[in-house]
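What the coordinates show
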Amino acid sequence: NAGVTQTPKFQVLKTGQSMTLQCAQDMNHEYMSWYRQDPGMGLRLIHYSVGAGITDQGEVPNGYNVSRSTTEDFPLRLLSAAPSQTSVYFCASKTQVYGYTFGSGTRLTVV
Amino acid sequence: EDKVVQSPLSLVVHEGDTVTLNCSYEVTNFRSLLWYKQEKKAPTFLFMLTSSGIEKKSGRLSSILDKKELFSILNITATQTGDSAIYLCAPLEGNQFYFGTGTSLTVIP
């Protein structure tokens, strides 16, 4: 049981490049979400999914796409990276009632 | 307007001190409130509070919720350097958690 696995741990992108942050969980959680964490801003919700085939926007969705083809995987796509997307990204999953299990995070720098 | 306000933003104490961290929130359809501890990496779960006035304890940490006044506190007694971290609270509104910016606690020997 690995919990929530995020890859990569670190990434540097040039402005305009695209990439996908991977997130997988093996706990059969229906709910998964992506957060970004910036200094002084706390954790802000980007997108979330309440089950396979269902996604929705959070507080800061612009510039990011998600899909949920399986219960286990919830990738986050940056189509055209911008310096404002430099941040630490966390994927998390949870049960309906209890709290989150977080991945270890991806530190993304866009230059 | 922020849904969650944590105070203080940062705190520096000496080992052995007792600290109280505050979390006030303003959410509709409130279901529960969670506290997390974040060190170098991902937040780790501390407490989930659903009922007012019932204290949850785990070792030197305890927390309580006031649903009428819309706040929660996290107490840490006899602090240790290993308690140094950012402490996040997150009320659950409907199906969404909203995180505060956190309180950064530094415990010096």
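Look up: the structure comes first, before these words.
In this report, the structure presented in the accompanying data block is examined. (Residues numbered from 1 in each chain as written. Chains lettered and ligands numbered in written order. Predicted model: local features only at pLDDT ≥ 70, side-chain atom pairs only at ≥ 80, totals over all residues. Heavy atoms only, no water.)

**Considerations on the sheet that holds strand 8 (residues 71–76) of chain B**
Residues and elements named next belong to chain B. A sheet is described by the order of its strands in space; here 5 strands give the open sequence 1-3-8-7-6, paired in antiparallel fashion. Single-partner strands in this sheet number two, and they are strand 1 (4–7) and strand 6 (56–58). Averaged over all neighbouring strand pairs, the angle between strand axes comes to 15°, with direction disregarded. Bridge analysis of strand 6 against strand 7 (residues 61–66) gives 3 bridges, and the strand direction is antiparallel. Directly across from Ser58, in strand 7, lies its bridge partner Leu61. (Pairing = 2+ DSSP bridges. Helix = DSSP H or I, 4+ residues; strand = E, 2+ residues; numbered from the N terminus. Axes fitted to C-alpha atoms, helices over the stretch in contact; angles between N-to-C directions.)

**A look at the pairing of strand 9 (residues 87–94) of chain A**
Residues and elements named next belong to chain A. Among the 8 residues in strand 9, 8 count as buried, and that is most of the element. Side chains of strand 9 alternate between two faces, with Ser87, Tyr89, Cys91 and Ser93 and Val88, Phe90, Ala92 and Lys94 buried alike. By the bridge criterion, 3 bridges tie strand 9 to strand 11 (residues 106–110) in an arrangement that is antiparallel. Residue pairing in the sheet places Val88 in a bridge with Arg107 of strand 11. Relative to strand 10 (residues 100–102), strand 9 runs antiparallel, the two being bridged by 3 bridges. (Buried < 20%, exposed > 50% of the residue type's maximum accessible area, 1.4 Å probe, protein only.)

**Observations concerning the sheet that holds strand 1 (residues 4–7) of chain A**
All names here are of chain A. A sheet is described by the order of its strands in space; here 4 strands give the open sequence 1-3-8-7, paired in antiparallel fashion. Edge positions in the sheet fall to strand 1 and strand 7 (64–66), since each has one partner strand and no second. Across the sheet, the mean angle from the axis of one strand to that of its neighbour is 20°, orientation sign disregarded. Of the pairings in the sheet, the one linking strand 7 to strand 8 (residues 76–78) comprises 3 bridges and is antiparallel in character. Bridge pairing links Asn65 to Arg77 in strand 8.

**Remarks on the interface of chain A and chain B**
Between chain A and chain B, the contact holds 21 residues from the first and 16 residues from the second. In total, about 1500 Å² of surface goes out of reach between chain A and chain B, with carbon and sulfur atoms giving 58% of it. Here chain A is connected to chain B by 0 salt bridges. If you look at where chain A meets chain B, you find 3 residue pairs in polar contact (both at pLDDT 80 or more). Mapped onto the side of chain A that touches chain B, the elements with two or more residues apiece are strand 4 (31–38), strand 5 (42–51), strand 9 and strand 10 of chain A. (Contact = heavy atoms within 4.5 Å. Buried area = accessible area lost by both parts, 1.4 Å probe. Salt bridge = Lys/Arg side-chain N within 4 Å of Asp/Glu carboxyl O. Polar contact = N/O pair within 3.5 Å; in protein donor to acceptor, adjacent residues only side chain to side chain.)

**Examining the state of the cysteines**
Residue and element names in this part refer to chain A. Enumeration according to the criterion identifies 2 disulfides over all chains in this entry. Disulfide pairing places Cys23 opposite Cys91 at an S-S distance of 1.8 Å. In this structure the cystine formed by Cys23 and Cys91 twists about its S-S bond by roughly -70°; its chirality is therefore left-handed. With Cys23 in strand 3 (residues 19–25) and Cys91 in strand 9, this residue pair connects regions lying 68 residues apart in the sequence. Cys91 shares its class with Cys23; the two are buried. (Disulfide = S-S within 2.5 Å.)

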